[in-house]
Amino acid sequence: HMLSRKDMEKFQVLKRYLHKNEISAALSMRVMHNAQHALMETQRFMEESRVELLNIISEPLRAELHFELYAPVLAVHPFFRCFIDACPQVMTKLCHKAMSQLLVSTGDVLFMPGEVPSPPRMFFVCSGELSYHYVNGAVVYVQAGQWLSEAVLWASWTHQGMLKAASDCRLVLLDANIFVHLSEVFDHDFDVRKYARTFVECMNKGLFDPSDLPYREDSDEIMEVISALQTVRETQTLLVPDSSHSKLLRRSSSQSLASSHTNSMLSEDMWAGQRKSVLMVTPTNGARQFASNGQTYW
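Residues numbered from 1 in each chain as written. Predicted model: local features only at pLDDT ≥ 70, side-chain atom pairs only at ≥ 80, totals over all residues. Heavy atoms only, no water.

Per an unreviewed UniProt entry, the protein chain is named Cyclic nucleotide-binding domain-containing protein, and its organism is Alexandrium monilatum.

S.K.: Is there a simple way to explain the overall build of the protein chain in this structure?
M.R.: Scanning the protein chain from terminus to terminus reveals ten helices and eleven strands. Put simply, the protein chain has 298 residues, and 42% of those count as buried. Long-range contacts, defined as pairs at least 24 residues apart, comprise 73% of the intrachain contacts of the protein chain with a sequence gap of at least 6. On the protein chain, roughly 16300 Å² of surface is accessible, and the fraction owed to carbon and sulfur atoms is 53%. (Helix = DSSP H or I, 4+ residues; strand = E, 2+ residues; numbered from the N terminus. Buried < 20%, exposed > 50% of the residue type's maximum accessible area, 1.4 Å probe, protein only. Contact = heavy atoms within 4.5 Å. Areas by Shrake-Rupley, 256 points an atom, 1.4 Å probe, with all protein chains shown as cover.)

S.K.: What am I meant to see in the pairing of strand β4 (residues 129-134) here?
M.R.: Buried residues dominate β4, accounting for five of its six residues. Note: β4 against strand β5 (residues 139-143), five bridges, orientation antiparallel. Bridge pairing in β5 places His 133 opposite Val 139. Where β4 hands over to β5, the hairpin turn is made up of four residues, of which Gly 137 adopts a positive phi near 100°. (Pairing = 2+ DSSP bridges.)

S.K.: Please explain the pairing of strand β8 (residues 169-175) as it appears in this structure.
M.R.: For a regular strand, the rule is simple: side chains alternate between the two faces of the sheet. Counting buried residues in β8 gives seven out of seven residues, a clear majority hidden from the surface. Residues Cys 169, Leu 171, Leu 173 and Asp 175 point to one face of β8 and Arg 170, Val 172 and Leu 174 to the other, with burial holding for every one of them. Direction of pairing for strand β1 (residues 99-104) relative to β8: antiparallel, over a ladder of six bridges. Across the sheet, residue Gln 101 finds its bridge partner in β8, namely Val 172. As defined by bridge partners, strand β3 (residues 121-127) adjoins β8 across six bridges and the pair is classed as antiparallel. Bridged to Arg 121 within β8 is Asp 175.

Okay, here's the thing in structure tokens:
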């Protein structure tokens, strides 16, 4: 991307600032690189804050907009695929209130082992690559379409390793406190607590690697719970009053429990997590893995 004259002037100002404050050459280079990356990402994905008219459209409409933006990112996770399908009204609110984006540059450290996150947030990788460093020296690389630190949603969590950007990255963050609040204030039949209990039990039993890394999707116990949640969703019955009597209507998973208004605004392929997010960039190389002690963690 070619820099405009105005952008070049901004970089000159930044360069002078770093020089006058005697910032080291190594750090100055990282700051300049980060600024360039942020500028290019801003040109590639127009930030919401730059669109003035979005501030005056109705909040329900902005909530729909945020759902279309963030639901496909969340849908890479099996639990959230089910949650989107079962409770689009909850997930619309969640995407509106609890989601944010973060740009990081090569070398940036997002958290350290022993750090208690404040606020606690789950990470979804949309582009780039991050390295997760165990305290024993093992390293695992995480790429687009993967997530980190899910445990913050279900337990009081302390980060178990260091997360560092191995390249320039775009991340989507889910605020755990807002997630818990919104899951509780809505009246819905999707059993979030059942999944949460199973997740914590698997962690305590040692069935999961006790780290910030995502679990394998062939983890039997957790996938059985997700399958059960989906089955309940598919066979759920609603008592619908008739003019003279009540009758049971069975709804399939492709039908919404939300209002007809919600039905009209959310497409089926969105619920199923099939819509591709413009934020998500598929990595060109396969996921790398490396463990200095010879173990495989992925």
